[in-house]
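The chain contents come next:
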Amino acid sequence: FVKGSLLAYVKCTFVWSAHLAELILAAGDDLTATARKPESLDDLAAKYPSQLRVEALDVTVKDDIAAVVARAQARRPVDILVNNAGGGVIGATEEMSDAEVEGQIALNLMAPIHITRAFVPAMRLRGSGRIIQISSASGQGSLPTSSLYHVAKWGLEGFSECLHQELEPFNLFVTLIEPGGARTSFSHNLQFASEIAAYRDTPAGHIRKMFETAGNELYTLDPQKIAQAIVDVATSDHPPLRVTLGGDAFGVVQAALQSRLAFLQSQEALARSVAFDS
């Protein structure tokens, strides 16, 4: 980020997010970072007092976003936006409360949409910018117990793919990062919906149990390597639309795409049969 500025939105300070911030600041660049608990970034603020500005923000509170964005842009033009707030609730769809449903969508989908829209006008007028959306392999594949997380990530993928097409003419690039199981605080911050006994011996129950008991064997990705990959993508001349990180993520995405393509091809005759007869 040569004489650049990056704004990273953080709801939970994941380990790899801290690595990302450290890489940015160590390179001599400016960073505006937000957190629900700004004190979580005190160590970095003390180490880089002139480069790092920390703002208190709960990204799910839409009305608070505009003022924070305005202050960040008044400090200096923001070259790169990283939307990396996120969190998961594990449980069958029926087990989810209304608050959990709404919270998953607010945090994982609506927050990055609102924040992205707040930055686009200035980037477009300046004719440059990078928007990094932290998605997941869950934005391509799916598991029982994570329906609302998938709703949000699949929605973020569609939103970002469309936005990529809209903004590329302005030299403004949107990239989806799709990591697999990274060894971060995300897994420790997972929440679990109230259990319904009927689901215990179903696929949803088995997956729930896996998340409840999983150790590091489920989270094999190095957060520092993820952070470096994000920096490399964000600073490239022509960032790709999607970057999948992790062998586990690659396997999930590959299997999901191959399955959908095979199913689509099996229906080709039916698809073509509903046109008007020529």
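Bear in mind the structure is a predicted one, so any value in this text is a computation, not a measurement.

Let's talk about the packing of helix 3 (residues 65-75) against helix 4 (residues 98-126)
In a pair of packed helices, the angle between the axes and the distance between the axes together describe the arrangement.
Then comes step 1: As a packed pair, helix 3 and helix 4 sit with axes 10 Å apart at the nearest point and diverge in direction by 35°. Of the two possible hands of crossing, helix 3 and helix 4 adopt the one that is right-handed. Together, Ile65, Val69 and Gln73 of helix 3 and His114, Ile115, Ala118, Phe119 and Ala122 of helix 4 make up the contact between the two elements.
Then comes step 2: Along the lines of polarity and charge, the residues of the contact of helix 3 with helix 4 split into 6 nonpolar, 2 polar and no charged.

What about the pairing of strand 7 (residues 172-179)?
Then comes step 1: Counting buried residues in strand 7 gives 8 out of 8 residues, a clear majority hidden from the surface.
Then comes step 2: Judged by which residues are buried, strand 7 turns out to be covered on both faces: Leu172, Val174, Leu176 and Glu178 on one side and Phe173, Thr175, Ile177 and Pro179 on the other are all buried.
Then comes step 3: Of the pairings in the sheet, the one linking strand 6 (residues 129-134) to strand 7 comprises 6 bridges and is parallel in character. From the neighbouring strand, Ile131 faces strand 7, where its bridge partner is Val174.

Considerations on unusual backbone geometry
Then comes step 1: Look at Thr145: it is not a glycine, yet its phi comes out positive at around 90°.
Then comes step 2: Along the chain, Thr145 turns up in the loop between strand 6 and helix 5 (147-167).
Then comes step 3: Even without a glycine there, the phi angle at Asn171 is positive, about 60°.
Then comes step 4: Inspection of the secondary structure puts Asn171 in the loop between helix 5 and strand 7.
Then comes step 5: The class for Asn171 is partly exposed, based on a relative accessible area of 33%.

Let's talk about the packing of helix 4 against helix 5
Then comes step 1: Relative orientation of the contacting elements helix 4 and helix 5 amounts to 15°, with a least axis distance of 8 Å. Classified by the angle their axes make, helix 4 and helix 5 are roughly parallel. Our pair here, helix 4 against helix 5, has a crossing hand that is right-handed. From helix 4, Val101, Gln104, Ile105, Asn108, Leu109, Pro112, Ile113, Thr116 and Val120 reach across to helix 5, where they touch Leu148, Tyr149, Val151, Ala152, Lys153, Gly155, Leu156, Phe159, Leu163 and Leu167.

Notes on the confidence of the model for the chain
Then comes step 1: Overall, the prediction assigns the chain a mean pLDDT of 90, with 92% of residues at 70 or greater.
Then comes step 2: Contacts for the low-pLDDT stretch residues 9-15, under 50 throughout, to residues beyond four places or in other chains number 37 contacts.

Brief notes about the side chain of Asn108
Then comes step 1: Tracing the backbone shows Asn108 in helix 4.
Then comes step 2: On the basis of relative accessibility, which here comes to 1%, the residue Asn108 falls in the buried class.
Then comes step 3: Once residues within four sequence positions are removed from consideration, Asn108 is found in contact with Ala85, Gly86, Gly87, Tyr149, Ala152, Lys153 and Leu156.

A few points about helix 8 (residues 247-266)
Then comes step 1: Here helix 8 is 20 residues long and its end C-alpha atoms lie 28 Å apart, about the 28 Å a rise of 1.5 Å per residue gives.
Then comes step 2: Buried within helix 8 are the following residues: Ala249, Val253 and Ala256. Projected onto a plane normal to the axis of helix 8, the buried residues spread over an arc of 65° and lie on a single side. Looking at helix 8, the residues exposed on the side facing more than 90 degrees away from the buried face are Gly247, Phe250, Gln265 and Ser266.
Then comes step 3: At its buried positions, helix 8 is contacted by strand 7 and strand 9 (242-245).

Things to note about the pattern of salt bridges
Then comes step 1: According to the stated counting rule, one finds 11 salt bridges in the structure shown.
Then comes step 2: Notably, a salt bridge pairs Asp30 with Arg76, separated by 2.8 Å at the nearest N-O pair. Here Arg76 lies in the loop between helix 3 and strand 4 (80-83) and Asp30 lies in strand 2 (residues 30-35), a separation of 46 residues in the sequence.
Then comes step 3: Residue Asp30 is classed as buried on the basis of its relative accessible area of 14%.
Then comes step 4: Accessibility expressed as a relative area gives 27% for Arg76, which makes it partly exposed.
Then comes step 5: When the shortest N-O distance is used, the salt bridge between Arg208 and Glu212 registers 3.1 Å. Separated by 4 residues within a single helix, Arg208 and Glu212 lie in helix 6 (residues 203-213), roughly one turn from each other.

What counts, and at which threshold
Note that residues are indexed from 1 along each chain, following the sequence as it is written. Totals for whole chains, interfaces and linings use every residue, but because this is a predicted model, local features are given only for residues with pLDDT of at least 70 and side-chain atom pairs only at 80 or more, for both listing and counting. Here the side-chain values reflect all heavy atoms present in the structure, with hydrogen atoms and water set aside. Only the stretch in contact is used when a helix axis is fitted, and all axes are lines through C-alpha atoms; the angle between N-to-C directions ranges over 0 to 180 degrees. Runs of H or I in DSSP of at least four residues are treated as helices and runs of E of at least two as strands, each being numbered from the N terminus. With the far helix as reference, a near helix turned anticlockwise by less than a right angle produces a left-handed crossing, and one turned clockwise produces a right-handed crossing. Should any heavy atoms of two residues lie within 4.5 Å, those residues are considered in contact. When residues are grouped by polarity, Ala, Val, Leu, Ile, Met, Phe, Trp, Tyr, Cys and Pro land in nonpolar, Asp, Glu, Lys and Arg in charged, and all others, Gly among them, in polar. Here's how the labels work: a residue is buried when its accessible area is under 20% of the maximum for its type, exposed when over 50%, partly exposed in between, all with a 1.4 Å probe on protein chains only. Should DSSP find at least two bridges between two strands, the strands are regarded as paired. Under this scheme an angle from 65 to 115 degrees is roughly perpendicular, one under 35 degrees roughly parallel, and one over 145 degrees roughly antiparallel; angles in between are oblique. The predictor attaches a confidence to each residue, and that confidence, scored 0 to 100, is pLDDT. Given the number of residues in a helix, its expected span is that number minus one, multiplied by 1.5 Å. Directions pointing from the helix axis toward each C-beta atom define the arc. For this document, the term salt bridge refers to a Lys or Arg side-chain nitrogen within 4 Å of an Asp or Glu carboxyl oxygen.

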